[in-house]
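# Summary of the model geometry
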Amino acid sequence: MVGRDFYLGGAGGAVVGGLQGYCLRSFVDTKYRIEALGDFGQPSVLAGLGGGITALALGLAGLQGKGPLRGETATGAATFYGVTALATAIWSLLFPVKKGEQTAAAPKAAAARPPVRVVKSEAKAAPKTAEKPQVRISRVGAEGAAETAKVAREEAQFM
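Notes on the structure follow. Everything quoted here is computed from the prediction, not taken from an experiment. (Residues numbered from 1 in each chain as written. Predicted model: local features only at pLDDT ≥ 70, side-chain atom pairs only at ≥ 80, totals over all residues. Heavy atoms only, no water.)

### Looking at helix 3 (residues 72-94)
Rule in force here: Helix and strand definitions follow DSSP, with helices as H or I runs of at least four residues and strands as E runs of at least two, each counted in order from the N terminus. Expected span of a helix: the number of residues minus one, times 1.5 Å. A 1.4 Å probe rolled over the protein chains alone gives each residue an accessible area, and that area as a share of the maximum for its type sets the label: buried under 20%, exposed over 50%, partly exposed in between. Working rule for contacts: check all heavy atoms of both residues, and any pair within 4.5 Å makes them a contact.
In this model helix 3 runs 33 Å from its N-terminal to its C-terminal C-alpha over 23 residues, within 8% of the 33 Å that 1.5 Å per residue would give. Buried within helix 3 we find T75, G76, A78, T79, Y81, G82, A85, L86, A89 and S92. Where helix 3 is buried, its residues contact helix 1 (4-28) and helix 2 (43-63).

Below is the structure:
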């Protein structure tokens with residue numbers, strides 16, 4: 001029958017299966033997904049179903065004395081890992097995480113906009129060149145300057 005080693009291995013397998021589902025759901029499901037598979041395309045679902053079914057089958061075969069796993073610790077670890085991995089996969093299927101972690105509180109328009117990227121740069125000033133003083137005369141000033149030039153000519157003629 002099963003002994004203490006079976007349950008010690010089972011505790012370790014349950015911890016690993018639960019952590020796998022939690023970590024994949026928290027960190028990987030929000031970034032990656034196979035869109036063609038819908039909710040089944042989440043990495044936590046794929047790993048949970050694939051790994052869970054395989055480990056559970058190996059563990060149950062080991063309990064019957066068949067298959068590659070014959071020790072109590074390995075059989076317990078595989079069985080409990082399979083059960084918890086399947087449980088987390090079913091949880092992820094029932095309550096999927098949206099890609100990009102869009103929650104109900106976040107407005108969809110804000111999620112659709114690309115993030116603002118702030119870049120700090122130093123404005124380079126153009127090299128200073130020796131400037132010649134420029135004198136500008138407006139049109140009003142130009143008419144006045146023409147009149148003063150005429151007056152100066154006339155004054156010069158009468159002198």
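### Structural notes on the packing of aromatic side chains
Selection rule: Side-chain rings of Phe, Tyr and Trp (the six-membered ring for Trp) are treated as a pair once their centres are within 6.5 Å; stacked means planes under 30 degrees apart, edge-to-face means over 60, and tilted covers the remaining angles.
Using the criterion set out here, one finds 3 aromatic pairs in the structure. With 5.8 Å between their ring centres and 65° between their planes, F6 and F80 make a pair best called edge-to-face. Of this pair, F6 sits in helix 1 while F80 sits in helix 3; the two residues are 74 residues apart in sequence, bridging distant segments of the chain. Summarising the aromatic geometry, the rings of W91 and F95 are spaced 4.6 Å apart at their centres and angled 50° between planes, so their arrangement reads as tilted. In this structure F95 comes out as partly exposed when scored by relative accessible area, which is 43%.

### A closer look at the packing of helix 1 against helix 3
Where we set the bar: Here an axis means a line fitted to C-alpha atoms, over the contact stretch when the element is a helix, while the angle between two N-to-C directions is reported on a 0 to 180 degree scale. Convention used here: angles under 35 degrees read as roughly parallel, angles over 145 as roughly antiparallel, angles from 65 to 115 as roughly perpendicular, and any remaining angle as oblique. Handedness of each helix crossing follows the sense of rotation of the near helix against the far helix: counterclockwise by less than a right angle gives left-handed, clockwise gives right-handed. Ten residues, namely Ala, Val, Leu, Ile, Met, Phe, Trp, Tyr, Cys and Pro, are considered nonpolar, four, namely Asp, Glu, Lys and Arg, are considered charged, and the remaining ones, Gly among them, are considered polar.
With their axes 6 Å apart at the nearest point, helix 1 and helix 3 run at an angle of 30° to one another. The orientation of helix 1 with respect to helix 3, classified from their angle, is roughly parallel. Once helix 1 is placed against helix 3, the crossing between them reads as right-handed. Here the contact of helix 1 with helix 3 is built from residues that sort into 9 nonpolar, 14 polar and 4 charged.

### Concerning a nonpolar patch on the surface
The criterion, for reference: Patch criteria: residues need more than 30% relative accessible area and no salt bridge. Like-charged residues are merged within 9 Å; nonpolar side chains of Val, Leu, Ile, Met, Phe, Trp and Tyr are merged within 5 Å. In short, Shrake-Rupley with a 1.4 Å probe defines the accessible areas, and a residue's cover is counted only from the protein chains shown. Think of a salt bridge as a Lys or Arg side-chain nitrogen and an Asp or Glu carboxyl oxygen that are within 4 Å of each other.
Taken together, the side chains of V2, Y7, L60 and L63 define a hydrophobic patch exposed on the protein surface, amounting to about 350 Å² of accessible area. Inspection of the secondary structure puts Y7 in helix 1.

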